[in-house]
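Notes for the structure review
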Protein chains: 2
Amino acid sequence: MTLPAFSIPAAVLQAASPLARVRGAEGGVELTWADGRQGRFSFLWLRDNCGCPECKHPQTLERIFDILSVPEDLEAAAEIDAEGLLALRWSHDGHLGEGHVSRYPGAWLLQHREETAEGAPEQAAGAPPPPRLWGRGLAAVPAFDYETVMGSESGLAGWLTALAETGLTVLTGAGTAAGTVARAAERVAYVRETNFGAVFDVISKPDPNSNAYTAIALKCHSDLPNWLTPPGVQFFHCLANEARGGDSIYVDGYAACETLRDEAPEAFELLSREPVTFRFRDDRDELAVRAPVVTLDAEGRPAILRFNFAIMDVAPGGLDRQKAFYAAYRKLAAIVRRPELELRLRLRPGDIAVVDNHRVLHGRDAFDPASGERRLQGCYVDREALFSRLAVLQRSAAQPATL
Amino acid sequence: MTLPAFSIPAAVLQAASPLARVRGAEGGVELTWADGRQGRFSFLWLRDNCGCPECKHPQTLERIFDILSVPEDLEAAAEIDAEGLLALRWSHDGHLGEGHVSRYPGAWLLQHREETAEGAPEQAAGAPPPPRLWGRGLAAVPAFDYETVMGSESGLAGWLTALAETGLTVLTGAGTAAGTVARAAERVAYVRETNFGAVFDVISKPDPNSNAYTAIALKCHSDLPNWLTPPGVQFFHCLANEARGGDSIYVDGYAACETLRDEAPEAFELLSREPVTFRFRDDRDELAVRAPVVTLDAEGRPAILRFNFAIMDVAPGGLDRQKAFYAAYRKLAAIVRRPELELRLRLRPGDIAVVDNHRVLHGRDAFDPASGERRLQGCYVDREALFSRLAVLQRSAAQPATL
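Everything quoted here is computed from the prediction, not taken from an experiment. (Residues numbered from 1 in each chain as written. Chains lettered and ligands numbered in written order. Predicted model: local features only at pLDDT ≥ 70, side-chain atom pairs only at ≥ 80, totals over all residues. Heavy atoms only, no water.)

Description of the overall build of chain A
For clarity, the threshold we go by: Going along the chain from the N terminus, every DSSP run of H or I of four or more residues is numbered as a helix, and every run of E of two or more is numbered as a strand. Partly exposed residues are those whose accessible area sits between 20% and 50% of the maximum for their type, while under 20% is buried and over 50% is exposed, using a 1.4 Å probe and protein chains only. Working rule for contacts: check all heavy atoms of both residues, and any pair within 4.5 Å makes them a contact. Calculation of accessible area relied on Shrake-Rupley with a 1.4 Å probe; when residues are assessed, cover is drawn exclusively from the protein chains displayed. Charged residues are defined narrowly, with Lys and Arg counted positive, Asp and Glu counted negative, and His plus the chain ends left uncounted. Throughout, a charge is located at the NZ atom of Lys, the CZ atom of Arg, the CG atom of Asp or the CD atom of Glu.
Looking only at helices and strands, chain A features 10 helices and 22 strands. C-alpha extents for chain A along the principal axes are approximately 80 × 55 × 40 Å. Classification of the 403 residues of chain A by burial places 58% in the buried group. Across chain A, contacts joining residues at least 24 apart in sequence account for 72% of those joining residues at least 6 apart. When the accessible surface of chain A is totalled, it reaches about 15,000 Å², and 51% of it is carbon and sulfur. Side chains of chain A carry 42 positive and 54 negative charges; the gap between the two charge centres is 6 Å.

This is the structure:
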């Protein structure tokens, strides 16, 4: 293990101004950087984040320090040391005895200061690029050559960055060999198995256990909303597409949510709060969760959309609750159905559509299975595994940190 | 597929009183059962839940009906029909033309009515048994014979019911063959692979990427809080336990949360709201999420605990926020550390401890790897897959529903 105890993205490190001053604050310190930025940090927070090998295991980089080994009123003598680090000598320390010294790089502290009048904190290490909504008029689906993505780290990074930003990409030139979809997925991480198996064939089947396995039209939806965390990334590899119909439709669900929030804020609020049951049933499984249609993140932005006519089970009981729910739900459904928000695409054999299933809704036109073959192979990868791969790729592109 | 369109647990069906009366309500109907219970349901909710084969696909049982095919002011003529079903003849219906009739069993409606003065609605189909908290004094860990669980449906159902209720069980007599843990897990569902692999060995390793792979003591914690949904069920199969030390410790985290809520409600509230970053880093991965320490369910009960000293990364910036966070966090940590809440256990070779990782925290004493072998094999299964298996087992025990 060669990772630094404090992870600092290269961009933060390069732009970081030196620490200029430290002074006491009530229960902590106030720091000033040379460029005038300021931040205040509590002693217990600082103590808990000591990066020395006695407090963080030097191989695992996981914390060993026990937060209950120090008193609530822990204090420290603070200075900027000769290397420009914040150095704290602790007043008492149950773990290591009095006089333990912790040191922190100014660039790392910049990432973790509070938001102030001078602006937001630096982006923390490993944070994915923020989504770029494409409510209307995504000119074209970002497309990447399969072999380039499979064969180079820069190709992989370019594809995954676009996927994080746009939520929808196509890999082209992947051929039509069955099983290829798992190789594409494993370029990100291992495949996430579900009740549909690890790799599944999206074809019209004689005894379907999902509407996906029929030839009927599927309105835009997200997959597997009946899981605590629906799969984050879905792969659809087109092996054959000769049937009449069956064009693919995509809608940026985050953009649809923001449109709803603009047009009917009370409907958006209700859909982010009112729990609904989503349920899949077949002979082997009965997989159900209760969750709102829109799960928000800690900042109140849409994070996970559960939007699926087919397996939404029942909304809560009670006349007034049901009336309010359906009024809001129909508003979102009508926005998702607006033609100007739809991106339509006919997948060609050898294309792999890769979709952020927490964000982008997908659907298809009905097709006529008698008119030709239509066969997709699909699989899923967890969303945090996508961001992990991106963070590691960014890490290898970054210069080594000094601490 | 032989499942009924409306799923009704046997207990609900048996106890259900017949529908006695229907009358109009504003935008819906008011129902009265023969035993006096009442419920009100909106027309749109009822229309959306029509179970006929034109509205729900007869094979997939997934919805085909399009909620936008009917107007907001949809109405119906309602009656109790000769079979005792609620029958609704719709005023207009874009999907099926005027005059479509939907029928609903009274027992199914009983499950979905609102909570009233006469009590809560019946438990919905497939709902897991509610947890029984064991804050102090779980007399013994519920133990089940491995062969019985593997060999009989009733043995499986007994074990899984105890796991859902208590969050902690031991399978005994599983032998010490490597790989057995995956067979136990697959009795519930497929194994959930993570960055640690599908099946992992918990031993002291020369180049560990987790504190679990050292010999140091591990305070009680939950695993993989750095995932959007941490694994719900964890299996630890004891293959050898000859080293000095290494006893296992378990704490009911839901009970610890309720204790915190009693003693310091503001601390509980903060920990259920304030997002913290949890992060795992090694050469291959950088898996991070922001989430509160306690994720609540829709009813405000603790659902997922993220409590892990080792890989909690950093709490939010800002002196006041940090002080408030650490004050609350230390209160919870101190409760988790109370000896009277701990259940201590020495796993024997052939034991498989099975733990609800959203609820029950686990830890171990330090051990001396020079004094003897200590080897556990672990793997994970998703929590919804556990509840799915239980629901299907209950289904096969239930009498066939009439609709």
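Observations regarding unusual backbone geometry
Positive phi, normally seen in glycine, also occurs at A:L224, with a value near 50 degrees. Its place among the elements puts A:L224 in the loop between β10 (218–221) and β11 (233–241). Given a relative accessible area of 6%, A:L224 falls into the buried group. A positive phi angle, close to 60 degrees, is found at B:L61, a residue other than glycine. Examined against the element boundaries, B:L61 turns out to sit in the loop between α2 (43–48) and β4 (76–80).

Focus on the relation of the copies chain A and chain B
Test applied: In superposing the copies, a least-squares fit is computed on C-alpha atoms, taking residues whose pLDDT is at least 70 in both.
Between chain A and chain B, the superposition needs a rotation of 180 degrees and an axial shift of 0.0 Å, giving an RMSD of 0.0 Å. Within this description, the copies of the chain are treated as partners about a two-fold rotation axis. Across chain A, the smallest distance between a C-alpha and the rotation axis is recorded for A:T229, namely 3.0 Å. A share of 100% of the interface residues of chain A reappears at the interface of chain B, consistent with the copies meeting face to face through the same patch.

Concerning the pairing of strand β3 (residues 38–42) of chain B
Residue and element names in this part refer to chain B. Keep this limit in mind: DSSP-based pairing: two strands are paired if at least 2 bridges between them are found.
In terms of strand pairing, strand β2 (residues 28–33) meets β3 through five bridges, oriented antiparallel. Each residue of the ladder has a partner; that of V29, found in β3, is F41. Hairpin connection, β2 to β3: the antiparallel pair is bridged by four residues, and G36 has positive phi, about 100 degrees.

A short note on the confidence of the model for chain A
Residues and elements named next belong to chain A. The line we're drawing: For every residue, the pLDDT score states the predictor's confidence, bounded by 0 at the bottom and 100 at the top.
Scored by pLDDT, chain A comes out at a mean of 90, with 93% of its residues at no less than 70. Low pLDDT, under 50, characterises residues 399–403; the predicted model gives this stretch 12 contacts beyond four residues in sequence or across chains. Interface confidence in the predicted complex, given as ipTM, is 0.90; pTM for the same model is 0.91.

Some points on the domain arrangement of chain A
Inclusion rule: Domain delimitation follows an automatic or database domain assignment.
Splitting chain A by domain gives domain 1 (10–125) and domain 2 (143–391). Using C-alpha coordinates to define each centre, domain 1 of chain A is positioned 42 Å away from domain 2 of chain A.

Quick look at helix α5 (residues 153–166) of chain A
All names here are of chain A. Heads up, the condition is: One less than the residue count of a helix, multiplied by 1.5 Å, gives the span that helix is expected to have.
Compared with the 20 Å implied by 1.5 Å per residue over 14 residues, the 20 Å span of α5 between its first and last C-alpha is a close match. The set of residues buried in α5 consists of G155, L156, W159, L160, A162, L163, A164, E165 and T166. One or two residues past the end of α5 sits G167, with phi positive at roughly 80 degrees.

Side note on the pattern of salt bridges
Definition in use: Salt bridges are counted wherever a side-chain nitrogen of Lys or Arg sits within 4 Å of a carboxyl oxygen of Asp or Glu.
Evaluated as defined, the whole model comprises 54 salt bridges over all chains. A:D201 is the salt-bridge partner of A:R375, the closest N and O atoms lying 2.8 Å from each other. Here A:D201 lies in strand β9 (residues 200–202) and A:R375 lies in strand β22 (residues 374–381), a separation of 174 residues in the sequence. By relative accessible area, which is 24% here, A:R375 ends up partly exposed. One salt bridge connects B:E258 with B:R261, and the closest N-O pair in it is separated by 3.1 Å.

A closer look at the packing of aromatic side chains
For any two aromatic rings, the description comes down to two numbers: the centre-to-centre distance and the angle of the planes. What counts, and what does not: Think of it this way: a Phe, Tyr or Trp ring, Trp meaning its six-membered ring, pairs with another when their centres are within 6.5 Å, and the plane angle makes it stacked under 30 degrees, edge-to-face over 60, tilted otherwise. The criterion is that NZ of a Lys, or CZ of an Arg, lies within 6 Å of the ring centre and within 35 degrees of the ring normal, and then a charge sits over that ring.
In this structure the tally under the stated criterion is 32 aromatic pairs over all chains. Put simply, the rings of A:F6, A:F41, A:W45, A:Y104 and A:W108 pair up and form one aromatic cluster. Residue placement shows A:K205 over the ring face of A:Y213; its charged tip is 3.7 Å from the ring centre. The positively charged end of B:R374 is found above the aromatic ring belonging to B:F367, 5.1 Å away from the centroid.

Thoughts on the interface of chain A and chain B
Our working definition: Once two parts are joined, some of their accessible surface, as seen by a 1.4 Å probe, is lost; buried area is that loss totalled over both. Distance and chemistry together define a polar contact, namely a pair of N or O atoms within 3.5 Å, with one atom able to donate a hydrogen and the other to accept it when in protein, and with adjacent residues in sequence counting only for side-chain atoms on both sides. Classification used: nonpolar for Ala, Val, Leu, Ile, Met, Phe, Trp, Tyr, Cys and Pro, charged for Asp, Glu, Lys and Arg, polar for all others including Gly.
Taken together, the contact between chain A and chain B spans 95 residues of the former and 95 residues of the latter. Where chain A abuts chain B, roughly 8,200 Å² becomes buried across the two surfaces, and 49% of that area is made up of carbon and sulfur atoms. It is A:R281, A:L319 and A:R330 that lose the most area in chain A upon contact with chain B, and together they represent 10% of the buried surface on that side. Across the contact surface, chain A and chain B share eight salt bridges. Taking the shortest distance from any N to any O, the salt bridge between B:E299 and A:R290 comes out at 2.3 Å. Linking chain A to chain B there are 49 residue pairs in polar contact (both at pLDDT 80 or more). Secondary structure elements with two or more residues in the side of chain A that touches chain B: β3 (38–42), α2 (43–48), α3 (106–112), β14 (276–281), β15 (286–291), α9 (319–336) and α10 (383–397) of chain A. Of the residues contributing to the side of chain A that touches chain B, the split by class is 41 nonpolar, 23 polar and 31 charged.

Some remarks on the sheet that holds β11(A)
Residues and elements named next belong to chain A. Operational definition: In this analysis an axis means a line fitted to C-alpha atoms, helices contributing only their contacting stretch, and an angle means the value between N-to-C directions, from 0 to 180 degrees.
Pairing is mixed in the open sheet, where six strands are placed in the order β7-β8-β19-β11-β22-β9. Each of the sheet's edge strands pairs with one partner strand only, and the pair in question is β7 (143–145) and β9. Averaged over neighbouring strand pairs, the angle between their axes works out to 25 degrees when direction is ignored. The pairing of strand β8 (residues 168–172) with strand β19 (residues 352–356) spans four bridges and is antiparallel. Within the sheet, the bridge partner assigned to L171 lies in β19 and is I352. Packing against the sheet, α5 makes contact with β7, β8, β11 and β19, and its axis sits at approximately 150 degrees to β8.

Description of the sheet that holds strand β13 (residues 248–252) of chain B
All names here are of chain B. The sheet built from four strands is open, its strands ordered β10-β20-β13-β18 with antiparallel pairing. Either end of the sheet is taken by a strand with one partner, and the two such strands are β10 (218–221) and β18 (342–345). Mean inter-strand twist for the sheet, computed between neighbouring axes without regard to direction, equals 20 degrees. As paired strands, β13 and β18 are joined by four bridges and run antiparallel to one another. Its bridge partner lying in β18, V251 is registered against E342.

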